[in-house]
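Take a look at the letters that make up each chain.
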Amino acid sequence: METWLTYSPQDFLLFSERVYWRLFELHNAALWPAQVPAVLAGLAVPVLLVRRFGLSGPVLAAILALAWAVVGMTFLPRYGEINWLAADLIPVFLAQAALLAVLGIPTRSLEARPGRERRWVGLALCLYGLVGLPLTALVGGRGVAGVEIFALTPDPTAIVTLGALVAAGRGWRALALAIVPALWCAASWATLATLGVVQAWAFLPVALGLGIAAWAARTDGRAADHSGAD
């Protein structure tokens with residue numbers, strides 16, 4: 001027992017900070033020029049949340065579903081070379097993609113509604129996942145080659161998905177679709193925190209955004225109850 005107490009969380013990681021960041025450089029190099037359509041697809045998400053049209057909800061769900069499928073089939077196998085747990089998550093990512101397609105495309109449950117306060121919180125989360133998180137690579141001195149990109153790497157994909165669900169999701173479907181992205185963000189934060197890198201703080205805005213969204217949803221619910229009672 002005393003021997004176990006001498007271990008720190010870092011002792012259980014199978015890779016170093018340098019190996020972890022190098023993973024993204026190799027991934028980007030292997031998938032080039034997939035970054036171009038990935039960036040365009042990512043930029044379409046906030047546009048669909050702001051400018052509504054007949055198929056905006058299904059198109060948004062399709063983009064997110066495809067993003068999760070691509071990340072699951074391309075990034076996780078590569079991540080599994082340094083972290084054996086990653087390969088076991090491939091079915092989880094594909095299941096998330098299937099849920100987004102099944103629950104989001106035919107039901108239009110991701111269609112943004114006008115005048116919704118949470119939409120702006122969700123939009124901010126989307127923009128953070130698309131722009132803010134990738135900038136941490138540049139601020140951290142990793143360069144453009146190591147940038148994390150929506151639909152190609154899991155962190156921005158999870159954050160953008162949460163933002164879209166906050167902005168446009170509704171009911172139990174939104175909660176069901178948010179489970180995997182939220183758990184991934186928590187796991188990624190834990191990994192970065194264990195590595196002892198400052199990028200772990202990049203998930204603080206995500207936690208704050210989700211907290212504000214939860215508070216807004218509760219406030220909206222109370223207002224609806226009061227109006228119903230009147």
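Residues numbered from 1 in each chain as written. Predicted model: local features only at pLDDT ≥ 70, side-chain atom pairs only at ≥ 80, totals over all residues. Heavy atoms only, no water.

## Here we look at empty space enclosed by the protein
Note the threshold: Computed over the protein atoms alone on a 1 Å grid, cavities are sets of points where a 1.4 Å probe fits but cannot get out and pockets are open sets with protein on both sides within 12 Å along at least five of seven lines; a residue lines them when it has an atom within 4 Å of a point. Grid points are joined across faces, edges and corners, and a volume is the space filled by probe spheres set on the points. Amino acid classes used here: Ala, Val, Leu, Ile, Met, Phe, Trp, Tyr, Cys and Pro are nonpolar; Asp, Glu, Lys and Arg are charged; the rest, including Gly, are polar.
This structure, assessed with the given rule, holds one cavity of 30 Å³ or more. Its volume calculated, the largest cavity comes out at about 40 Å³. What lines the largest cavity is Trp21, Leu133, Thr136, Arg142, Glu148, Asp155, Leu192, Gln199, Ala202 and Phe203. Within the lining of the largest cavity, the residues separate by chemical class into five nonpolar, two polar and three charged.

## With respect to a nonpolar patch on the surface
As a reminder of what qualifies: In this analysis, a patch consists of residues with relative accessible area above 30% that form no salt bridge, clustered at 9 Å for like charges and at 5 Å for the nonpolar side chains Val, Leu, Ile, Met, Phe, Trp and Tyr. Surface accessibility follows the Shrake-Rupley procedure with a 1.4 Å probe radius. Residue values consider only the protein chains on display as shielding. Between Lys or Arg on one side and Asp or Glu on the other, a salt bridge is scored when a side-chain nitrogen of the former is within 4 Å of a carboxyl oxygen of the latter. Exposed residues in this analysis have more than 50% of their type's maximum accessible area, buried residues have under 20%, and partly exposed residues fall in between, with area computed by a 1.4 Å probe over protein chains only.
Residues Trp32, Val36, Val39, Leu40 and Leu43 make up a contiguous nonpolar surface patch of roughly 510 Å² in combined accessible area. Given the relative accessible area of 43%, Val36 is considered partly exposed.

## What about the packing of helix α2 (residues 35-50) against helix α3 (residues 56-79)?
Defined as follows: To get an axis, fit a line to the C-alpha atoms, keeping to the stretch in contact for a helix; angles then go from 0 to 180 degrees between the N-to-C directions. Strands here mean DSSP runs of E at least two residues long; helices mean DSSP runs of H or I at least four residues long; both are numbered from the N terminus. Note that the term roughly parallel is reserved for angles under 35 degrees, roughly antiparallel for angles over 145, roughly perpendicular for angles of 65 to 115, and oblique for everything else. Should the near helix be turned counterclockwise from the far one by less than a right angle, the crossing is left-handed, whereas a clockwise turn marks it as right-handed. Only heavy atoms matter for contacts: two residues are in contact if any of them lie within 4.5 Å across the pair.
Orientation of α2 relative to α3, taken along the N-to-C sense of each, is 150°, at an axis distance of 10 Å. Of the possible angle classes, the one that applies to α2 and α3 is roughly antiparallel. Of the two possible hands of crossing, α2 and α3 adopt the one that is left-handed. From α2, Ala41, Ala44, Val45, Leu48 and Leu49 reach across to α3, where they touch Ser56, Val59, Leu60 and Ile63. Split by residue class, the contact of α2 with α3 holds eight nonpolar, one polar and no charged.

## A look at the packing of aromatic side chains
Applicable threshold: Ring pairs shown here join Phe, Tyr and Trp side chains whose ring centres sit within 6.5 Å, with only the six-membered ring taken for Trp; geometry is labelled stacked below 30 degrees between planes, edge-to-face above 60, and tilted in between. A ring is scored as having a charge over it whenever the NZ atom of a lysine or the CZ atom of an arginine sits within 6 Å of its centre and within 35 degrees of its normal.
Scanning the model with the defined rule gives 10 aromatic pairs in all. Ring centres of Phe15 and Tyr79 lie 6.1 Å apart, and the angle between their planes is 65°; on these two criteria the pair is classed as edge-to-face. With Phe15 in the segment before α1 (17-31) and Tyr79 in helix α3, this pair connects stretches of sequence that are 64 residues apart. When sorted by exposure, Phe15 lands in the same class as Tyr79, which is buried. Ring geometry for Phe75 against Tyr79: centres 5.7 Å apart, planes inclined by 45°, an arrangement best described as tilted. Separated by four residues within a single helix, Phe75 and Tyr79 lie in helix α3, roughly one turn from each other. An aromatic cluster is present here, built from Phe15, Tyr20, Trp21, Phe24, Phe75 and Tyr79 joined pairwise through their rings. Lying over the aromatic face of Trp21, Arg142 brings its terminal NZ or CZ to 3.6 Å of the ring centre.

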